[in-house]
Amino acid sequence: MSILQSLITEAKFAARDRALLIWMFVVFCLSACSVYFGLAEVNKQHSTIQHLIEADRQDRTASAAKLKDWGSAAYYSFHLTYDPPSEFAFAAMGQRDFQPWKHRIRMLALEGQIYERDVGNPVIALIGRFDFAFLAAFILPLVLVMLLYDLRASERTAGRHELLEATAGQATSLWFARASVRVAAIFFSLIVPLIIAAFIAGATHSTLIGASLFVLLYTVFWALLCYLFAAWRKPDSVILLSLIGFWLLVAVIVPASAKLAIDKFVPVPSGAEILMLQRETVNDAWDLPREVTMDAFFERHPEWSDYQPVKSSFEWQWYYAFQQVGDQRTEPLTKAYREGRLKRDRIANWASILTPPSILERSLNFLAKTDLNASMDYEEKVRLYHTALREFYYPKFFRHASFDKKALENLPNFNPNK
């Protein structure tokens, strides 16, 4: 019997296999739920961004009456920054569950504002979100194990193994066809909801094809593993425990151990440390001689070093100068924090070679633009925007420009696509 004939025959048997049909239904429902929840979360984030844009506009209009000079204009004005989710983010939320993707920043010291974040969902922080990436990486292998572990053992137990092989003529084609039909049925049950959701979300064809290929390769890997274990002449319980043990090893034990080891050997300062150092620097500046702050500021901005200070208890130029000095003071910590996270991520990327579930999850996060690099790119956009705000206000401060509310229309706007 040829491979094609075997596939056709097994497909007919599969159509009457109640257990397979149930597993297909379960996988389809889980996949549909995962992409539905993902689409709902993405729509919620888009809605939140639109609401914040409108609220930001209203807030600026309401605060216009308070503005009497350039210093108060900079102090009372909030500026919205945000990182909209990509069209494929519904499939893999990645870092968006843990890293901030929106800020309302002011012309004050920036680094502390970047590391302030909303209180997240503690359940999601503990176990992660049930999205398509989680389903494919961690649940799919278990389904394949349950379908394929007794591929041959059940026939041996029923006393039909030798008869089936003799009838098939070529034993390899029989078992290969049976396994292939089951795996294909589960793969399509998993991938169809993803394809439908991708079209709804407007994801690009290249992204969808890439994600489908990653999932297909991952499915083939687990199918081959189960197929090889199923050929083992051992009781089905031994085969099942062996496969479950391997899944626990590569999906739980190795990733958790690798994370602990990476965190230990690659120390990274926390965002809270940066925030505290910046606040201490800013608060201490009130008690320091004004010249100390201004000298530190002029080192970074020599173009304003000819500024003549006003002899008063307070001036906006000095106030915003020590805000920037607060950022300057935290630069070594900020750099260490950024480089440390990137180094951890690079090591984790290499370590994922030992853990196929991590490879798939990281690959889908990359396609969805929800990985660490995407999160840090957003942080850099916030920094560049804050720099643009300073470049707008500093000439007004140090040249004693007369205040004109109409000039505020020329304030730089945040563009998440730059």
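Here the structure is shown first, and the text comes after it.
Each value, and the rule that gives it
Residues numbered from 1 in each chain as written. Predicted model: local features only at pLDDT ≥ 70, side-chain atom pairs only at ≥ 80, totals over all residues. Heavy atoms only, no water. Helix = DSSP H or I, 4+ residues; strand = E, 2+ residues; numbered from the N terminus. Buried < 20%, exposed > 50% of the residue type's maximum accessible area, 1.4 Å probe, protein only. Contact = heavy atoms within 4.5 Å. Areas by Shrake-Rupley, 256 points an atom, 1.4 Å probe, with all protein chains shown as cover. Axes fitted to C-alpha atoms, helices over the stretch in contact; angles between N-to-C directions. Parallel < 35°, antiparallel > 145°, perpendicular 65-115°, else oblique. Nonpolar A, V, L, I, M, F, W, Y, C, P; charged D, E, K, R; others polar. Salt bridge = Lys/Arg side-chain N within 4 Å of Asp/Glu carboxyl O. Patch = residues over 30% accessible without salt bridge, like charges linked within 9 Å, V, L, I, M, F, W, Y side chains within 5 Å.

Asks: What is the right way to read the overall build of the protein from this model?
Replies: Scanning the protein for helices and strands turns up 16 helices and two strands. Of all 418 residues assigned to the protein, the portion counted as buried reaches 46%. In the protein, 82% of the contacts between residues at least 6 apart in sequence involve partners at least 24 apart. About 22,100 Å² of surface is accessible on the protein, with carbon and sulfur atoms providing 62% of the total.

Asks: Sorry, what's going on with the packing of helix H2 (residues 18-63) against helix H6 (residues 132-148) here?
Replies: The description of two packed helices rests on the angle between their axes and on the distance between the axes. Relative orientation of the contacting elements H2 and H6 amounts to 175°, with a least axis distance of 11 Å. Comparing their axes, H6 and H2 come out roughly antiparallel. Here Leu-20, Trp-23, Val-27, Leu-30, Ser-31, Ser-34 and Val-35 of H2 come into contact with H6, specifically with Phe-132, Leu-135, Ile-139, Val-143, Met-146 and Leu-147. Of the residues that constitute the contact of H2 with H6, the class distribution is 11 nonpolar, two polar and no charged.

Asks: Can you walk me through the pattern of salt bridges in this structure?
Replies: Close approach of charged atoms allows side chains of opposite charge to pair. The tally for this structure, following the rule as stated, stands at 15 salt bridges. Arg-300 serves as the salt-bridge partner of Glu-331, at 2.8 Å between the closest nitrogen and oxygen. A residue pair is termed long-range when its members are at least 10 positions apart, and Glu-331 in helix H14 (residues 316-351) and Arg-300 in helix H13 (residues 290-300) qualify at 31 residues. Taking relative accessible area as the criterion, Glu-331 reaches 36% and is therefore assigned partly exposed. The salt bridge involving Arg-341 is made with Glu-379; its shortest N-O contact spans 3.1 Å.

Asks: Please clarify how a nonpolar patch on the surface should be interpreted in this entry.
Replies: On the surface, a nonpolar cluster with roughly 480 Å² of combined accessible area is contributed by Phe-28, Phe-188, Val-192, Ile-196 and Ile-200. The element best represented in the nonpolar patch is helix H9 (residues 171-201), accounting for four residues. Topologically, Phe-188 is positioned in helix H9.

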